[in-house]
Amino acid sequence: RYEEIWLMLSGAMLVIFMVITGYQTFALGMGPPSNKETIDPEKVDETAPFDKPGVYQTGDHEYEVVMTLEVFNFNPGKIEIPAGSTVTFIMTSKDVVHGFQVVDTNLNAMVMPGHIQRATQKFSKPGEYLVLCNEYCGTGHQHMSTVITVK
Ligand code: CUA
């Protein structure tokens, strides 16, 4: 009977939709790979490596920048690296969602409280690279910026 077939078909569809939604929720819950590392946003200052924000040389022309973001500052505020360096930024937020966008590069990352964000960029050309927060984070959002000096 046609009605029975339709009933079965719509029932099957419902199950399929539920499975898809469930899978999406699960997959999204996992987050993008770069955001998998978590951290207690209340204890950033006591948690390595964020207890010592700064610029660290890790190899020949390789640097790591350990950075905390909070309204409305990037810490460290001053970043200086030699031209030709590959820099890995390791970041977390101490309060709300901030953005980390480096003008004139492809670097553009979301930095969320509770998550550790990593982004790597090679700086070949000397210059002053403006760093902007591109996620609205409060009344001082438009003043949240810093500079990466490449010498
Ligand atoms: Cu931080 Cu906008």
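Since we're looking at a predicted model, the values are computed, not measured.

Here is what the cut-offs are and how they apply
- Residues numbered from 1 in each chain as written.
- Predicted model: local features only at pLDDT ≥ 70, side-chain atom pairs only at ≥ 80, totals over all residues.
- Heavy atoms only, no water.
- Helix = DSSP H or I, 4+ residues; strand = E, 2+ residues; numbered from the N terminus.
- Rg over C-alpha atoms; globule rule 2.2 N^0.38 Å.
- Buried < 20%, exposed > 50% of the residue type's maximum accessible area, 1.4 Å probe, protein only.
- Contact = heavy atoms within 4.5 Å.
- Areas by Shrake-Rupley, 256 points an atom, 1.4 Å probe, with all protein chains shown as cover.
- Lys, Arg positive; Asp, Glu negative; His and termini not counted.
- Charge placed at Lys NZ, Arg CZ, Asp CG, Glu CD.
- Pairing = 2+ DSSP bridges.
- Axes fitted to C-alpha atoms, helices over the stretch in contact; angles between N-to-C directions.
- Polar contact = N/O pair within 3.5 Å; in protein donor to acceptor, adjacent residues only side chain to side chain.
- Domains from an automatic or database assignment.
- Salt bridge = Lys/Arg side-chain N within 4 Å of Asp/Glu carboxyl O.

1. Things to note about the overall build of the protein
A tally of helices and strands in the protein yields 1 helix and 10 strands. Written out in order from the N terminus, the α and β elements of the protein read α-β-β-β-β-β-β-β-β-β-β. Computed over the C-alpha atoms, the radius of gyration of the protein is 22 Å, more than 25% above the 15 Å expected from 2.2 N^0.38 for a compact globule of 151 residues. In terms of its C-alpha atoms, the protein occupies a principal-axis envelope of roughly 80 × 35 × 30 Å. In the protein, which comprises 151 residues, the share counted as buried stands at 31%. Pairs at least 24 apart in sequence give 58% of the contacts found in the protein among residues at least 6 apart. Accessible area of the protein: about 9,500 Å², with a carbon and sulfur share of 59%. Positive and negative side-chain charges in the protein, numbering 10 and 17 respectively, have mean positions lying 4 Å apart.

2. Some points on the sheet that holds strand β6 (residues 98-102)
Consider a sheet: its strands pair through backbone hydrogen bonds, and that pairing is either parallel or antiparallel. Spatially, β4-β10-β9-β6-β7 is the arrangement adopted by the 5 strands of the open sheet, whose pairing is mixed. Strands at the two margins of the open sheet, each flanked by one partner only, are β4 (78-81) and β7 (108-111). Between one strand and the next, the sheet's axes are offset by a mean angle of 20°, whatever the strand orientation. Note that β6 and β7 share 4 bridges and pair antiparallel. Its bridge partner lying in β7, Gly 99 is registered against Met 110.

3. Side note on the pairing of β4
Burial along β4 is one-sided: the face carrying Ile 79 and Ile 81 is buried and the face carrying Lys 78 and Glu 80 is not. Across 4 bridges, β4 lies against strand β10 (residues 145-150) in parallel orientation. Counted as the bridge partner of Glu 80 is Thr 149 from β10.

4. Thoughts on the side chain of Thr 149
With respect to the helices and strands, the residue Thr 149 is situated in strand β10. Judged by its relative accessible area of 16%, Thr 149 is buried. A polar atom in the side chain of Thr 149 sits 3.4 Å from the side chain of Glu 128. Setting aside residues up to four positions removed in sequence, Thr 149 forms contacts with Ile 79, Glu 80, Ile 81, Gly 127 and Glu 128.

5. What about the environment of Met 144?
Here Met 144 lies in the loop between β9 (127-132) and β10. Put simply, Met 144 and Thr 38 are 106 residues apart on the chain and 24 Å apart in space, counted from C-alpha to C-alpha.

6. A few points about the domain arrangement of the protein
Partitioning the protein into domains gives domain 1 (2-30) and domain 2 (41-150). On a C-alpha basis, the centroid separation for the pair domain 1 and domain 2 is 43 Å.

7. A word on the pattern of salt bridges
Counted by the stated rule, this structure contains 4 salt bridges. Residues Lys 94 and Asp 45 are paired through a salt bridge, measuring 3.0 Å at the closest nitrogen-oxygen approach. On the criterion of sequence distance, the pair formed by Lys 94 in the loop between β5 (85-93) and β6 and Asp 45 in the loop between α1 (2-30) and β1 (54-59) is long-range, its members being 49 residues apart. When its relative accessible area of 46% is taken as the criterion, Asp 45 is described as partly exposed. Ionic pairing is found between Lys 94 and Glu 70, a salt bridge with its closest N-O pair at 3.5 Å.

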